[in-house]
Amino acid sequence: MKNLVRLQILTFSILFLIIGCQRPQTDESKAMAAQKQLEDNKENKRIVLDFYQQMFGDKDISAVDKYVSPGYIQHNPSVADGAVAFKLAAANWFKGQPKTKIDVQHIASDGDLVFIHLKNKKPDGSLKSTIDIFRLENGKIVEHWDAQQDVPKDAANAHPMF
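Residue numbering note: each chain is counted from 1, following its sequence as written. Only residues with pLDDT of at least 70 are given local features in this predicted model, and only at 80 or more are side-chain atom pairs given and counted; all residues enter the totals for whole chains, interfaces and linings. The basis for the side-chain values is all heavy atoms of the structure; hydrogens and waters are excluded.

K.L.:
Before we move on, could you go through the overall build of the protein and cite the residues and values that matter?
P.N.:
Numbering of helices and strands runs from the N terminus; a helix is a DSSP stretch of H or I covering at least four residues, while a strand is a stretch of E covering at least two. Along the backbone of the protein there are four helices and five strands. Taken from N to C terminus, the helices and strands of the protein fall in the order α-α-α-β-α-β-β-β-β. Two things to know: the radius of gyration comes from C-alpha atoms, and the globule rule equals 2.2 Å times the number of residues to the power 0.38. In terms of C-alpha radius of gyration, the protein reaches 24 Å, well past the compact-globule figure of 15 Å for 162 residues. Overall, the C-alpha framework of the protein stretches about 85 × 40 × 30 Å when taken along its three principal axes. With 162 residues in all, the protein has 25% of them scored as buried. Should any heavy atoms of two residues lie within 4.5 Å, those residues are considered in contact. A separation of at least 24 residues holds for 44% of the contacts in the protein among residues at least 6 apart in sequence. Note on areas: these come from Shrake-Rupley sampling with a 1.4 Å probe, and a residue is covered only by the protein chains present in the view. As displayed, the protein offers around 11300 Å² of accessible surface, 58% of which is attributable to carbon and sulfur atoms. Partly exposed residues are those whose accessible area sits between 20% and 50% of the maximum for their type, while under 20% is buried and over 50% is exposed, using a 1.4 Å probe and protein chains only.

K.L.:
Mind laying out the sheet that holds strand 5 (residues 140-150), listing which residues take part and the relevant values?
P.N.:
When DSSP finds two or more bridges between a pair of strands, those strands are recorded as paired. Strand order in the open sheet formed by five strands is 1-5-4-3-2, with mixed pairing between adjacent strands. Among the strands making up the open sheet, the edge pair consists of strand 1 (68-74) and strand 2 (104-110). The sheet shows a mean angle of 25° between the axes of neighbouring strands, direction not considered. The pairing of strand 3 (residues 113-121) with strand 4 (residues 127-137) spans nine bridges and is classified as antiparallel. Bridged to Ile-116 within strand 4 is Asp-132. To get an axis, a line is fitted to the C-alpha atoms, and for a helix only the part in contact is used. The angle between two axes follows their N-to-C directions and goes from 0 to 180 degrees.

K.L.:
So what's going on with helix 2 (residues 27-57)? Residues and values would help.
P.N.:
Under the 1.5 Å per step criterion, the end-to-end length of helix 2 is 43 Å for 31 residues, consistent within 8% with the ideal 45 Å. By the burial criterion, the buried members of helix 2 are Asn-41, Asn-44, Ile-47, Val-48, Phe-51, Tyr-52, Gln-53, Gln-54, Met-55 and Gly-57. The first or second residue beyond helix 2 is Lys-59, which carries a positive phi of 60°. How far a helix is expected to stretch is found by multiplying one less than its residue total by 1.5 Å.

K.L.:
Could you give an account of the layout of surface pockets, naming the residues involved and the relevant values?
P.N.:
By volume, the largest pocket is sized at about 840 Å³. Together, 32 residues line the largest pocket, and Phe-56, Lys-59, Phe-94, Asn-120 and Lys-128 are the ones closest to its centre. Where the lining of the largest pocket is concerned, the elements lending two or more residues are helix 2, strand 1, helix 4 (83-94), strand 3, strand 4 and strand 5. The definitions used throughout rest on a 1 Å grid laid over the protein atoms alone, on which a cavity is an enclosed set of points accommodating a 1.4 Å probe that cannot get out and a pocket is an open set flanked by protein within 12 Å on both sides along at least five of seven lines; lining residues are those having an atom within 4 Å of a point. Grid points are joined across faces, edges and corners, and a volume is the space filled by probe spheres set on the points.

K.L.:
So, the nonpolar core: which residues are in play, and what are the values?
P.N.:
Counting residues in hydrophobic clusters, the biggest one holds 23 residues, and the most contacted among them are Phe-51, Met-55, Val-68, Phe-86, Phe-134, Leu-136 and Ile-141. Looking at this core, the elements that each hand over two or more residues are helix 2, helix 3 (62-67), strand 1, helix 4, strand 3 and strand 4. The residues contacting Met-55, other than those within four sequence positions of it, are Asp-60, Ile-61, Ala-63, Val-64, Phe-86, Ala-90 and Phe-94. Each nonpolar core is a collection of buried residues, namely Ala, Val, Leu, Ile, Met, Phe, Trp, Tyr and Cys, held together in the definition by side-chain atoms within 4.5 Å.

Here it is in structure tokens:
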């Protein structure tokens with residue numbers, strides 16, 4: 001019993017020693033962490049914008065090799081997981097399609113997520129609103145979600161979709 005009490009006292013002493021030795025985060029270290037987060041957000045947005053223009057604007061599927069992780073997770077039910085499956089799907093989408101300049105309406109990032117809202121022109125000239133969400137790790141796109149909506153000719157309100 002004495003050994004158990006001694007063990008508990010020793011365990012709590014070590015725990016308090018470890019906790020007591022931790023330095024509280026200073027205002028300077030908080031500012032440095034916030035600056036790093038801003039820089040990471042800016043870089044992640046740049047990666048997504050560069051990827052999106054090269055892939056969907058220029059119709060260059062080699063963008064997948066440069067920007068997308070091989071183990072890419074795809075949440076769009078029409079496309080299988082993986083960079084190879086994505087390239088195969090895109091090759092079909094892009095057949096006979098001209099290069100275009102992507103029309104970004106909004107872009108935002110939060111940590112490893114980048115959100116991009118685009119105005120797309122369909123082959124018949126009508127418009128489509130697309131929102132893509134990308135998750136990045138180590139400068140590569142590792143996961144993707146999207147939602148698309150045709151822009152109606154008439155709306156129930158006066159607010160544009162873009």
